[in-house]
Amino acid sequence: MVIENYKKIRQSIDEACEKCGRNKEDVLLLAVSKTKPLSDIEELITIGVKDFGENKVQELVKKKEEVSTPVNFHLIGHLQTNKVKQVIGKACLIHSVDSFHLAEKIEAEAAKEDIIVNILIEVNVAEEESKFGLTVDDALPLVQEISEKCPHIRIQGLMTIAPFVDDPEENRPVFRRLRQLSLDIKSKKIDNVSMNVLSMGMTNDFIVAIEEGATIVRVGTAIFGERNYAIS
């Protein structure tokens with residue numbers, strides 16, 4: 001069932017790309033496996049899926065250690081500074097950096113390991129109080145500060161979590177604004193910063209996100225079913 005669900009979503013992505021004149025290879029389907037068993041990941045690996053999203057550092061690290069084949073684990077949940085040491089070198093991309101304090105901690109741990117850490121800046125475009133992320137206005141100053149002071153960090157782009165809405169069209173302005181922000185930042189030509197990644201769109205609104213330029217869509221429920229939050 002998980003394989004069948006994944007293929008359906010991938011087909012929807014490919015069709016959306018074709019309709020809006022985009023290359024389907026330019027959109028990554030990130031299978032959000034948080035709270036789901038390793039067996040679900042192993043099942044998707046059999047059809048060549050290599051990118052999985054986790055919310056919690058502990059769960060990401062455990063699955064990375066236990067998975068039978070090396071795959072890419074993305075950290076998409078909020079990252080606390082006291083968990084940075086555990087995730088450095090384990091996550092291929094940290095989607096959720098929203099403060100210089102956090103970036104500073106990532107820089108310190110990356111320097112110790114002498115590695116480069118790839119991150120996205122999380123922007124709370126809709127300015128929902130319940131969500132993490134910077135305001136649109138605060139994004140560029142943070143990007144510039146990280147570029148100047150954190151040589152072991154590479155900013156690859158931006159991420160947002162749009163509001164949960166019944167009509168996906170309501171989120172189009174959110175996605176459009178994030179893409180415009182990425183273009184504005186790209187035009188500054190800042191060292192160690194590329195704006196090649198736009199992580200936006202989830203199960204209920206990924207088609208609209210693709211139409212507005214998403215390069216990563218984060219889909220969990222439509223692939224794995226409802227999440228079991230009883231798992232810690």
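Before reading on, note that the structure itself is shown above.
Quick look at the structure, then.

About the criteria used
- Residues numbered from 1 in each chain as written.
- Predicted model: local features only at pLDDT ≥ 70, side-chain atom pairs only at ≥ 80, totals over all residues.
- Heavy atoms only, no water.
- Core = buried A, V, L, I, M, F, W, Y, C linked by side-chain atoms within 4.5 Å.
- Buried < 20%, exposed > 50% of the residue type's maximum accessible area, 1.4 Å probe, protein only.
- Helix = DSSP H or I, 4+ residues; strand = E, 2+ residues; numbered from the N terminus.
- Axes fitted to C-alpha atoms, helices over the stretch in contact; angles between N-to-C directions.
- Parallel < 35°, antiparallel > 145°, perpendicular 65-115°, else oblique.
- Left-handed = near helix turned anticlockwise from the far one by under 90°.
- Contact = heavy atoms within 4.5 Å.
- Nonpolar A, V, L, I, M, F, W, Y, C, P; charged D, E, K, R; others polar.
- Salt bridge = Lys/Arg side-chain N within 4 Å of Asp/Glu carboxyl O.

A separate point is the nonpolar core. Counting 69 residues, the largest nonpolar core has Ile94, Ile106, Ile121, Ile146 and Ile223 as its most contacted members. Element by element, the count of residues in this core is highest for helix 1 (residues 2-19), at 6 residues. Residues Leu30, Leu120, Met159 and Ile216 belong to the second largest nonpolar core, which totals 8 residues.

Across the interface, helix 1 lies against helix 2 (residues 38-45) with an axial gap of 9 Å and an inter-helix angle of 60°. One way to sum up the angle between helix 1 and helix 2 is to call them oblique. When the axes of helix 1 and helix 2 are compared, the crossing they make is right-handed. Of the residues in helix 2, those in contact with Val2, Ile3 and Tyr6 of helix 1 are Asp40, Glu43 and Leu44. Classifying every residue of the contact of helix 1 with helix 2 gives 4 nonpolar, no polar and 2 charged.

As a working rule, side chains carrying opposite charge can pair if their charged atoms are close by. Inspection of every chain in the model, using the stated rule, returns 13 salt bridges. Between Glu66 and Lys62 there is a salt bridge, and its shortest N-O distance comes to 3.1 Å. Of this pair, Glu66 and Lys62 both sit in helix 3 (residues 57-66), 4 residues apart, roughly one helical turn. Note on Glu66: relative accessible area 43%, which makes it partly exposed. With a closest N to O distance of 2.7 Å, Arg172 and Glu169 form a salt bridge. A relative accessible area of 16% places Arg172 in the buried class. Where salt bridges share partners, they join Glu169, Arg172, Arg176, Glu211 and Glu212 into one cluster.

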